[in-house]
2 protein chains.
Amino acid sequence: MKKWRRSARLVDMTRLLIQEPHKLIPLGTFAERYGTAKSSISEDLDIIHAVLEAQGAGVLETVAGAAGGVRFIPRLDRSRTEAVVKELCERLADPDRILPGGYLYLSDLLGDPALIREIGLIWATLFAGERIDAVVTVETKGIPLAYATATHLGTAVAIVRRDSRVTEGSVVTINAVSGSSRRIRTFSLARRSLKEGSRVLVVDDFMKAGGTVRGMVDLLAEFRAEVAGVCVMVESPAQERLVDDYVSLAKVEEIDVKSRKIAVSLGNLFTKGVGFQ
Amino acid sequence: MKKWRRSARLVDMTRLLIQEPHKLIPLGTFAERYGTAKSSISEDLDIIHAVLEAQGAGVLETVAGAAGGVRFIPRLDRSRTEAVVKELCERLADPDRILPGGYLYLSDLLGDPALIREIGLIWATLFAGERIDAVVTVETKGIPLAYATATHLGTAVAIVRRDSRVTEGSVVTINAVSGSSRRIRTFSLARRSLKEGSRVLVVDDFMKAGGTVRGMVDLLAEFRAEVAGVCVMVESPAQERLVDDYVSLAKVEEIDVKSRKIAVSLGNLFTKGVGFQ
């Protein structure tokens with residue numbers, strides 16, 4: 001096999017490692033791929049690790065032993081996180097988002113894969129040190145956020161449905177009362193979409209009273225799932241909250257339909273974001 | 001500013017380029033970031049391009065001029081594509097997927113971000129050479145595939161709803177007859193989620209008669225959108241097709257509920273996949 005030069009190895013290893021976060025790659029796989037001694041591979045990995053860490057982009061985690069190898073744990077550093085959240089707040093304050101009835105149009109943000117990718121990375125950074133088996137959300141708007149987060153955590157995704165479809169097989173269903181509108185809503189999750197006793201991260205795009213998140217959490221209890229955390233992109237004020245422990249990126253304080261002004265402030269990420277740095 | 005060594009530059013540039021496919025990065029940005037002459041940056045880019053191309057992982061595209069720069073165009077090469085499709089077919093043939101009524105359980109595949117990422121990359125590879133403004137799908141199962149594809153294409157995502165929500169603002173709605181079940185179904189798309197005259201790629205997880213895709217295409221006509229292509233993960237035989245021109249990865253020929261056997265074959269990707277190599 002042709003021997004690779006270090007410069008070529010660094011490019012190829014960087015690509016393979018960051019393309020699949022949290023995936024363990026044995027050093028032997030690299031050594032064989034490049035026709036190089038493991039000692040050189042280790043030196044390569046030291047270089048990659050040093051650059052990634054210095055740039056606040058993540059770290060390489062080495063697992064020793066026969067079943068060992070190296071994996072990439074992505075991170076978004078504090079300054080980049082602040083920049084993403086600041087941009088989100090600015091985009092949220094755009095009065096063109098105000099819809100009849102004082103609702104907020106968010107689909108343009110959720111339709112922007114680059115923004116969604118970085119929000120998922122922020123949440124993955126928060127929970128990088130914890131065991132997460134699956135990221136759970138409810139259709140429809142939470143789905144892109146759930147996939148972005150799961151990609152950076154290297155976990156599966158389970159999607160709660162508002163209806164129960166024949167293509168889901170046997171499902172667990174609960175009915176919950178919406179916190180804000182007081183309507184009764186149904187939440188269903190396919191039995192086989194989540195293992196019993198999983199440790200899950202719940203994410204969603206918007207939270208007012210928290211009825212939707214509450215419904216997910218109650219449904220997850222039926223799967224004996226442990227909720228490691230709740231992340232929402234935007235929260236808005238509510239009289240009574242059905243969820244206390246959550247992390248939000250932005251807070252829409254007030255929507256003045258008449259003067260067409262939206263008051264946006266930072267969410268509780270930087271104050272509450274456990275393990276955040 | 002501290003001068004970077006080439007090895008460190010290669011790692012950092014590779015990361016920045018592949019993290020945001022199709023995003024144009026000016027050479028000056030790199031030169032400034034690394035305190036290096038543009039000539040050295042060009043040499044670095046030549047190394048990265050050579051490795052990516054040799055590994056069938058994509059290419060670096062350089063745009064000359066003042067507004068110029070370099071962007072990463074991801075690709076999945078033929079052999080890797082065949083491996084992904086083969087794995088998909090094997091997983092589809094698992095009899096445990098058979099649901100009452102002869103339906104097929106797919107949520108485990110759609111809940112696997114690594115598989116979804118590579119399927120999106122296959123579709124992005126097919127259309128890498130074309131102008132695509134947005135990837136369009138219908139809620140719910142198509143959404144992860146749409147985001148994976150849009151991420152690799154560097155485009156936006158627009159999600160067609162089965163219902164029209166107050167949080168979407170003004171929407172365009174059409175009613176269409178489902179090809180297989182002959183039920184009438186509603187398709188809605190928020191006016192502001194897609195610019196008039198956009199060139200779009202339509203993706204979905206499953207296609208039988210094609211009523212859902214047909215509904216999307218008809219709805220897109222209301223936006224004067226040009227459909228560049230239609231990609232489905234799985235197709236199944238139907239008497240009459242409402243869509244002729246599409247690319248599928250796998251084909252479920254038959255589901256025998258009694259003997260619990262699923263006959264799966266390759267989709268038309270390798271025979272029909274225009275521009276595929």
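- As annotated in an unreviewed UniProt entry, chain A is Purine operon repressor PurR from Planifilum fimeticola.
- What the UniProt record of chain A gives under Subunit (unreviewed entry) is the line "Homodimer."
- Comment text from UniProt for chain A, heading Sequence similarities (unreviewed entry), reads "Belongs to the purine/pyrimidine phosphoribosyltransferase family. PurR subfamily."

**A word on the sheet that holds strand β9 (residues 199-207) of chain A**
Residue and element names in this part refer to chain A.
Then, number 1: What the 6 strands build is an open sheet, ordered β6-β5-β9-β10-β11-β12; its pairing is mixed. Among the strands making up the open sheet, the edge pair consists of β6 (156-160) and β12 (261-266). Recorded for the sheet is a direction-independent mean angle of 25 degrees between the axes of neighbouring strands.
Then, number 2: Note that strand β11 (residues 247-256) and β12 share 6 bridges and pair antiparallel. Within β12, the residue paired with Lys251 across the bridge is Ser265.

**Re the packing of aromatic side chains**
Geometrically, a pair of aromatic rings is defined through the distance of the ring centres and the angle of the planes.
Then, number 1: Enumeration over the complete set of coordinates arrives at 4 aromatic pairs over all chains.
Then, number 2: Ring plane angle 65 degrees and centroid distance 4.7 Å describe the contact between Trp4 of chain A and Tyr34 of chain A, whose orientation is recorded as edge-to-face. Pair noted here: Trp4 of chain A is in the segment before α1 (6-19) and Tyr34 of chain A is in helix α2 (residues 27-34), with a separation of 30 residues, a long-range link.
Then, number 3: A residue is classified by how much of its surface remains accessible, and Tyr34 of chain A, at 0% relative accessible area, is buried.
Then, number 4: Ring pairing ties together the aromatic residues Trp4, Phe30 and Tyr34 of chain A, which thus form one cluster.
Then, number 5: One residue, Arg192 of chain A, lies across the ring of Tyr105 of chain B, its end atom 4.5 Å from the ring centre.

**Topic: the interface of chain B and chain A**
Then, number 1: With 54 residues of chain B at the contact, the number on the chain A side is 54 residues.
Then, number 2: Roughly 4,300 Å² of surface becomes buried between chain B and chain A when both sides are summed, with 62% attributable to carbon and sulfur atoms.
Then, number 3: Interface area lost by chain B to chain A is led by Val11, Tyr105 and Arg192 of chain B, which between them contribute 14%.
Then, number 4: In this structure, the connection of chain B to chain A is made through 2 salt bridges.
Then, number 5: Between Glu168 of chain B and Lys141 of chain A there is a salt bridge, with the nearest N and O atoms lying 3.5 Å from each other.
Then, number 6: Summed over the shared surface of chain B and chain A, the number is 17 residue pairs in polar contact (both at pLDDT 80 or more).
Then, number 7: Looking at the side of chain B that touches chain A, the elements with two or more residues in it are α1 (6-19), α3 (38-54), β4 (103-104), α5 (107-110), α6 (113-126), α7 (142-153) and β6 (156-160) of chain B.
Then, number 8: Per element, the largest residue contribution to the side of chain B that touches chain A is 9 residues, and it comes from α1 of chain B.
Then, number 9: Here the side of chain B that touches chain A is built from residues that sort into 28 nonpolar, 12 polar and 14 charged.

**Quick word on the relation of the copies chain B and chain A**
Then, number 1: It takes a turn of 180 degrees to lay chain B on chain A, together with a shift of 0.0 Å along the axis; the resulting RMSD is 0.0 Å. As the rotation angle and translation indicate, the two copies are arranged about a two-fold axis.
Then, number 2: Interface overlap between copies: 100% of the residues of chain B at the interface are likewise at the interface in chain A, consistent with a symmetric, same-surface contact.

Reading the values: the criteria
Residues numbered from 1 in each chain as written. Chains lettered and ligands numbered in written order. Predicted model: local features only at pLDDT ≥ 70, side-chain atom pairs only at ≥ 80, totals over all residues. Heavy atoms only, no water. UniProt positions renumbered as here; feature names shortened; annotations may be inferred. Pairing = 2+ DSSP bridges. Helix = DSSP H or I, 4+ residues; strand = E, 2+ residues; numbered from the N terminus. Axes fitted to C-alpha atoms, helices over the stretch in contact; angles between N-to-C directions. Phe/Tyr/Trp six-rings, centres within 6.5 Å; stacked < 30°, edge-to-face > 60°. Buried < 20%, exposed > 50% of the residue type's maximum accessible area, 1.4 Å probe, protein only. Lys NZ or Arg CZ within 6 Å of the ring centre and 35° of its normal. Contact = heavy atoms within 4.5 Å. Buried area = accessible area lost by both parts, 1.4 Å probe. Salt bridge = Lys/Arg side-chain N within 4 Å of Asp/Glu carboxyl O. Polar contact = N/O pair within 3.5 Å; in protein donor to acceptor, adjacent residues only side chain to side chain. Nonpolar A, V, L, I, M, F, W, Y, C, P; charged D, E, K, R; others polar. Least-squares fit on C-alpha atoms with pLDDT ≥ 70 in both.

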